[in-house]
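Examining the three-dimensional arrangement
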Amino acid sequence: MMAKKSLKRELFEQVMVPNYAPATMIPVRGEGSRIWDQEGREFIDFAGGIAVTSVGHAHPEMLAILQQQGEKIWHLSNVMTNEPALKLAQQLTSATFAERVFFANSGAEANEAAFKLARRYAQNEFGPEKHEIIAFEQGFHGRTLFTVSVGGQAKYREGFGPAIKGITHLPYNDIMALEAAVSDKTCAIVMEPLQGEGGIIAADPAFATRVRELCDQHQALLVMDEVQTGVGRLGTLYAYEQLGITPDIMTSAKGLGNGFPVAAMLTTQAIAKHLGIGTHGSTYGGNPLACAIAGKVLDLINQPQVLSAVNTKSARFKAGLAAINSRYDFCSEIRGRGLLLGCALTEQYQGQAGVFQQAAADAGLMVLVAGPNVVRMAPSLLIPDTDIDAGLELFEQAVAKVVS
Ligand SMILES: *Cc1c(COP(=O)(O)O)cnc(C)c1O
């Protein structure tokens, strides 16, 4: 076996496909909202593995369920069903609009299933002409070919040959553009309730209402991508609840497994029936280990006091960030909901979100970016107030370095 000492960051360039540019330190351990690297250096985690580790690292109940289910059975295949999958589907359907669930392993896969289902539903019910998908600029839905095709960032599609056809991208929150584009050929409108990767941009409630109306008017399905916003991230179990509209299909992933790969596509019975036997599938999707873990995450998060604490912690974050901004004047807006927050940088710091991120890391704090102009924070939903305060202090140190 290779000595652990030799597993250094430099090895990355020698053995990995170069599509990522990871940080220089290598984390080896985490607990709650703290992480330690190979050198024993401590970090406060405001990144949450990109809005994933919703209950934090090494949560005792997560370790217990991993052990319990691990000792029983990890994997079966969809030739059989299993108890944790049935339980998780029951939890998800009783907590949401949905009546049926399809399990996948990542956000992109859940969206792939959603888009395929929307096309199949429209084709079966109305014929092949009705296949057009409307999606939004800066939207993000994953990195498979269908999901980059629906995604609103052209750079993720470039160089991969012909994208999937029949997809129109419109400006987000632009009711007039939407009214002009939607037609009886539209099979689905795909939106995030709040664009995460696109810069922490919330949907206007009036826009969301109009999306729902236009879908109804044209018999198109509303596909809500809640991969980033779901599982309590915005302070309600799913964000559509706050918009006062109900989707036809919804996807959930990131926070659902607290870092264990699991995702779900949720829909109604009337729509689900169009994915009949043999029409779609996944080897791992819905495996007992993943579902047991996700079930425990939902148990921990889907509680009124936990969800309301997300909103209290959000206010604490926003007040802290506003105070830092009053001293350093680096952001034009502090935005987001729940524990998905963005500091939109002022004109002077355009393009420098990565510089703030690096300065934060140097100070011992992990944050994210959402595009080049927004510093993003998406910590554990259970982050203690003391860690919020300590992390904000480190963030202020980082901001002071960049701004001076
Ligand atoms: C992260 C993300 C995805 C992709 O999820 P993967 O698990 O990386 O495939 C899709 N949609 C949204 C809104 C996301 O934030």
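Keep in mind it's a predicted model, so treat the numbers as computed, not measured. (Residues numbered from 1 in each chain as written. Predicted model: local features only at pLDDT ≥ 70, side-chain atom pairs only at ≥ 80, totals over all residues. Heavy atoms only, no water.)

1. Let's talk about the site of the ligand
- Taken together, the neighbourhood of the ligand is formed by Ser-106, Gly-107, Ala-108, Asn-111, Phe-140, His-141, Gly-142, Glu-192, Asp-225, Val-227, Gln-228 and Lys-254.
- One of the backbone nitrogen or oxygen atoms of Gly-107 is found 2.8 Å away from an oxygen atom of the ligand.
- Residue Ala-108 places a main-chain N or O atom 2.7 Å away from an oxygen atom belonging to the ligand.
- The protein chains hide 81% of the 390 Å² of surface that the ligand would expose on its own.
- When residues in the shell around the ligand are grouped by element, the largest group, 3 residues, is from helix 5 (residues 107-126). (Near = heavy atom within 4 Å. Polar contact = N/O pair within 3.5 Å; in protein donor to acceptor, adjacent residues only side chain to side chain. Areas by Shrake-Rupley, 256 points an atom, 1.4 Å probe, with all protein chains shown as cover. Helix = DSSP H or I, 4+ residues; strand = E, 2+ residues; numbered from the N terminus.)

2. Some details on the side chain of Asp-45
- Mapped onto the fold, Asp-45 is located in strand 3 (residues 42-45).
- Comment: no salt bridge for buried Asp-45; closest opposite-charge side chain is Arg-233, at 9.0 Å.
- Side chain to side chain, Asp-45 and His-57 meet in a polar contact 2.7 Å long.
- Discounting chain neighbours no more than four positions away, the residues touching Asp-45 are Ser-33, Ile-35, Thr-53, His-57, Met-366, Pro-379 and Ile-383. (Buried < 20%, exposed > 50% of the residue type's maximum accessible area, 1.4 Å probe, protein only. Lys, Arg positive; Asp, Glu negative; His and termini not counted. Salt bridge = Lys/Arg side-chain N within 4 Å of Asp/Glu carboxyl O. Contact = heavy atoms within 4.5 Å.)

3. Section: the packing of helix 3 (residues 60-72) against helix 11 (residues 288-301)
- Two elements in contact, helix 3 and helix 11, have axes whose closest approach is 9 Å; the angle formed by their N-to-C orientations is 150°. As judged from the angle between their axes, helix 3 and helix 11 are roughly antiparallel. Every pair of crossing elements has a handedness; the one defined by helix 3 and helix 11 is right-handed. For the pair formed by helix 3 and helix 11, the contact residues are Glu-61, Met-62, Ile-65, Leu-66, Gln-69 and Gly-70 on the first element and Pro-288, Leu-289, Ala-292, Ile-293, Lys-296, Val-297 and Leu-300 on the second.
- Residue composition of the contact of helix 3 with helix 11, by class: 9 nonpolar, 2 polar and 2 charged. (Axes fitted to C-alpha atoms, helices over the stretch in contact; angles between N-to-C directions. Parallel < 35°, antiparallel > 145°, perpendicular 65-115°, else oblique. Left-handed = near helix turned anticlockwise from the far one by under 90°. Nonpolar A, V, L, I, M, F, W, Y, C, P; charged D, E, K, R; others polar.)

4. Remarks on helix 13 (residues 353-363)
- Taken together, the buried positions of helix 13 are occupied by Ala-353, Phe-356, Ala-359 and Ala-360. Down the axis of helix 13, the smallest arc covering the buried residues is 125°, so these residues share one side.
- Buried residues along helix 13 sit in contact with strand 14 (340-345), strand 15 (365-366), strand 16 (368-369), strand 17 (374-377) and helix 14 (385-403).
- Looking at the residues trailing helix 13, positive phi occurs at Gly-364, about 95°. (Arc of directions from axis to C-beta.)

5. Observations concerning the domain arrangement of the protein
- Annotation of the protein at the domain level lists domain 1 (4-58 + 304-403) and domain 2 (73-301).
- Taken together, the contact pairs 26 residues of domain 1 with 24 residues of domain 2.
- Regarding the contact of domain 1 and domain 2, the summed buried area is about 2100 Å², with carbon and sulfur atoms giving 58% of it.
- The largest per-residue losses of area from domain 1 upon contact with domain 2 belong to Leu-307, Arg-337 and Leu-340, which jointly make up 29% of the total buried on that side.
- At the junction of domain 1 with domain 2, the criterion picks out 12 residue pairs in polar contact (both at pLDDT 80 or more).
- Looking at the side of domain 1 that touches domain 2, the elements with two or more residues in it are helix 2 (48-51), helix 12 (304-328), strand 13 (331-337), strand 14 and strand 17.
- No other element matches the 4 residues that helix 12 contributes to the side of domain 1 that touches domain 2.
- Residue composition of the side of domain 1 that touches domain 2, grouped by class: 15 nonpolar, 8 polar and 3 charged. (Domains from an automatic or database assignment. Buried area = accessible area lost by both parts, 1.4 Å probe.)

6. Some points on the pattern of salt bridges
- Applying the stated rule across the entire model yields 17 salt bridges.
- The closest approach of N and O atoms between Glu-13 and Arg-9, which form a salt bridge, is 3.0 Å.
- Under the relative-accessibility criterion, Glu-13 is labelled exposed at 54%.
- Residue Arg-9 is classed as buried on the basis of its relative accessible area, which comes to 16%.
- Here Asp-216 ties to Arg-212 by a salt bridge, and the two come within 2.8 Å at their closest N and O atoms. One end of the pair is Asp-216 and the other is Arg-212, both in helix 8 (residues 205-217) and 4 residues apart, which spans about a single turn.
- Take Arg-212: its relative accessible area is 13%, and that puts it in the buried class.
- Here the salt bridges share partners, and the residues they tie into one network are Lys-313, Arg-316, Asp-385 and Asp-389.

7. Describing the environment of Glu-42
- As for its position among the elements, Glu-42 is in strand 3.
- Using a relative accessible area of 38% as the deciding quantity, one classes Glu-42 as partly exposed.
- The spacing of Glu-42 and Arg-29 is 13 residues in sequence and 9.6 Å in space, taken between C-alpha atoms.
- When neighbours within four sequence positions are excluded, Glu-42 is seen to be in contact with Arg-34, Ile-35, Trp-36 and Gly-364.
- Among the polar contacts listed, one links the side chain of Glu-42 to the side chain of Arg-34, at a separation of 2.7 Å.
- At 3.1 Å, the side chain of Glu-42 forms a polar contact with the side chain of Trp-36.

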